[in-house]
Amino acid sequence: MSKSLPYSMKDVAYDNAKFRHRSVFQMITQTLLTSSLRRDRFRCSTGKFLALLMVSGLTYLVLTHESHISHTPDGLVKGTASNLRKLWRKPPRLPPSEFGSSILDPDKLNSISEWVSRQENVKEAFVHAWSGYKKFAFGFDELKPLSREGVDGLGGLGATVVDALDTAMIMGLDDIASEAGSWIEKNLPKRISEKGQVNLFETTIRVLGGLLSAYHLSLANQGGELGVSRALNGSKPEAYLQTAKDLADRLLSAFTSSPTAIPYSDVVLRDRSAHPAPDGLSSTAEVSSLQLEFNYLSSVSGDPRYTTEAMKVLEHFRTLPKVQGLVPIYISPHTGDFSGDNIRLGSRGDSYYEYLIKIWLQQGGSQNNHSKYLYDMYAEAMKGVKERLVRKSIPKGLVFVGELPYGVDGAFSPKMDHLVCFLPGTLALGATKGMTKKKAMENNLLTFEDLENLNLAEDLAHTCFEMYAVTATGLAPEIAYFHIEGAYEEGLDGGNKSSEYMNDIVIKPLDRHNLLRPETVESLFVLYRITENPKYREWGWQIFEAFEKHTKVEAGGYTSLEDVTVVPPRRRDKMETFYLGETLKYLYLLFGDDNILPLDKFVFNTEAHPLPIHPSTKAEITLTVDLS
């Protein structure tokens, strides 16, 4: 059983007066006043007077000596008077600017220009992805970029259109936002009323979440709060809201049809009916990752049904037995109990832990309100993660999160899905509540546990990045195993023989695919915002360059890969909706201004759709988004 990660003294902020800069005059004065002058009430001996006179004489010589005379570029001599003026004159106060005093620092300016350029590259990648989708698959759920055709794998609701819409709005791509918005207004209501079976979770996070985010961003833009008093062409905000309500009304059948608080996994939209999965079970992550969207819909529509049904799930989870806050990945809607012993933070478990802290933040993040139990559940679960699931690899000591496939009494598995790379961002968000680490520490808001969680977040983000860097393509596999005592397989490295961690990470043949997933860049975005450490931007840029090099399809779009350990990699012929909805959005935000969608004012659902904290009416919106 592993111990919690140690606390680091580097997190202690010192503010000791003895380390502050003092002038020569201040030092002389303080030395004299803190000696016998303070004790003897200005009684001064001859020796002390002579000492003071000697110091004054030395100071004068330093200021007037010829070796200190210098020439200006135009030949003028700077002598004693100039030196004296320099000694006593205060530095000029620089005028305020958006870059602060660094506006005069060429290196800083070059750095800013570089990240603006890199952000533009991400925008161009989004345009390329959209162009392929529009050309070959417009209206389908997803693009098959190699076959140059569309496919409906998510119920036929045009999932890519809805998933990509708010990314286009954030990037200021009005033409694409207009195309997507017009398609939604003209086609999506009819499809919702006619389509058959959809998955409750996927439809909620992608389509319902996308509609609600677009609604909020459209309102903010239309109201002029963004510095522009214009509405995007295409659909009006009310159309997004009405479509979202119609969809949510049909999805509610998953809750109302179930005999317990746990909803069924599948919904037939046209019939407004629902049924369980073939095995009768629902995924823990799926049923507990619906609340951000339904809560916001209740807030803006005034209809409490959505939040009432969705929050019943978590209120029920509160009553269920757990192991240090950890829960199995399946739950039965028939009994309301967990099923099986498998505990992991990868597929079917991940976003349960993510939404505990995010829903609490959405509802105000107060330790005194009715949702405090969510924070308590989150805090207990993170303690359980550190105690039960966190290990270090050998020989180089990468920190990773493993699994307990047979429960707490079974063997530990050193397996980590790429999906687990959501956790560094969640840990950082839970530690500072969206503020920068610097600000949180200045205000004494971080507990010992918060600092420990933030340290763990940074360690895990490093591991997630190395899952990319260890491969021949520079792109991560879907699943990695870590070398620990008694668990290692030779000949299954990532293909990058120069990687320092080549012997720490094992990639099995069936796990070598890459689906263009966003979890690592999501965490890099959050950690950059919170720690302000530029290494997270650099890591994100390396990942983006690898995507550009190996997944871009010249005809349009980007494709998943079959094997990231060889170059050139085999391709899978599918562009997931989340590449436009999440991966490119997080990269764009990572390289951009911190004031865009600040983390103390927005929560991102598990499909990267931003929703406001303290959901408000149109008149109260104070959003800042880059729509220039």
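Each value, and the rule that gives it
- Residues numbered from 1 in each chain as written.
- Predicted model: local features only at pLDDT ≥ 70, side-chain atom pairs only at ≥ 80, totals over all residues.
- Heavy atoms only, no water.
- Disulfide = S-S within 2.5 Å.
- Helix = DSSP H or I, 4+ residues; strand = E, 2+ residues; numbered from the N terminus.
- Phe/Tyr/Trp six-rings, centres within 6.5 Å; stacked < 30°, edge-to-face > 60°.
- Buried < 20%, exposed > 50% of the residue type's maximum accessible area, 1.4 Å probe, protein only.
- Lys NZ or Arg CZ within 6 Å of the ring centre and 35° of its normal.
- pLDDT = per-residue confidence, 0-100.
- Contact = heavy atoms within 4.5 Å.
- Pairing = 2+ DSSP bridges.
- UniProt positions renumbered as here; feature names shortened; annotations may be inferred.
- 1 Å grid on protein atoms, 1.4 Å probe; cavity = no way out; pocket = protein on both sides within 12 Å on 5 of 7 lines; lining within 4 Å.

**Let's talk about the state of the cysteines**
- As enumerated under the stated definition, the model contains 1 disulfide in all.
- Between the sulfur of Cys421 and that of Cys464 lies a disulfide, 2.1 Å long from S to S. Because the sign of the S-S torsion sets the handedness, a value of about -100° for the bond joining Cys421 and Cys464 places this disulfide among the left-handed ones. Taken together, the positions of Cys421 in the loop between strand 13 (415-417) and helix 16 (423-432) and Cys464 in helix 18 (residues 448-469) put the pair 43 residues apart, joining distant regions of the chain.

**Considering the packing of aromatic side chains**
- Summed over all chains, the structure comprises 23 aromatic pairs.
- For the pair Tyr352 and Tyr353, a centre-to-centre distance of 4.8 Å together with 75° between the ring planes defines the contact as edge-to-face. Neither Tyr352 nor Tyr353 differs from the other in exposure class; each is buried.
- Between the NZ or CZ atom of Arg391 and the centre of the ring of Phe412, over which it lies, the distance is 4.2 Å.
- Lying across the ring of Tyr481, Lys508 places its NZ or CZ 4.0 Å from the centre.

**Here's the deal with the confidence of the model for the chain**
- Overall, the prediction assigns the chain a mean pLDDT of 85, with 78% of residues at 70 or greater.
- In the model, residues 61-104 has pLDDT below 50 throughout and makes 25 contacts with residues more than four positions away in sequence or in other chains.

**Considering the pairing of strand 14 (residues 479-482)**
- Side chains of strand 14 alternate between two faces, with Ile479 and Tyr481 and Ala480 and Phe482 buried alike.
- The pairing of strand 13 with strand 14 spans 3 bridges and is classified as antiparallel. What sits directly across from Asp417, in strand 14, is Ile479.

**As for unusual backbone geometry**
- Residue Ile394 is joined to Pro395 through a cis peptide bond whose omega torsion reads 10°.
- Relative to the elements of secondary structure, Pro395 occurs in the loop between strand 11 (390-392) and strand 12 (399-401).
- A cis geometry characterises the amide bond from Val567 onward to Pro568, with omega recorded as 0°.
- Structurally, Pro568 can be placed in the loop between helix 20 (535-551) and helix 21 (577-590).
- Phi is positive for Gln324, which is not a glycine, with a value near 50°.
- Looking at the secondary structure, you find Gln324 in the loop between helix 13 (305-319) and strand 9 (330-331).
- The exposure class of Gln324 is partly exposed, given its relative accessible area of 30%.

**Structural notes on the UniProt feature "active site" (unreviewed entry) in the chain**
- The UniProt feature table records "active site" (unreviewed entry) at Glu202, Asp350, Glu478 and Glu519. None of the other annotated residues line the second largest pocket; only Glu202, Asp350, Glu478 and Glu519 do.
- Note on placement: Glu478 falls in the loop between helix 18 and strand 14.
- In this structure Glu478 touches Asp417, His418, Asp511, His513, Leu515 and Arg517, once residues within four positions along its chain are discounted.
- Structurally, the position occupied by Glu519 is in helix 19 (residues 519-531).
- With near-sequence residues (within four places) excluded, Glu519 lies in contact with His418, Leu419, Cys421 and Phe422.

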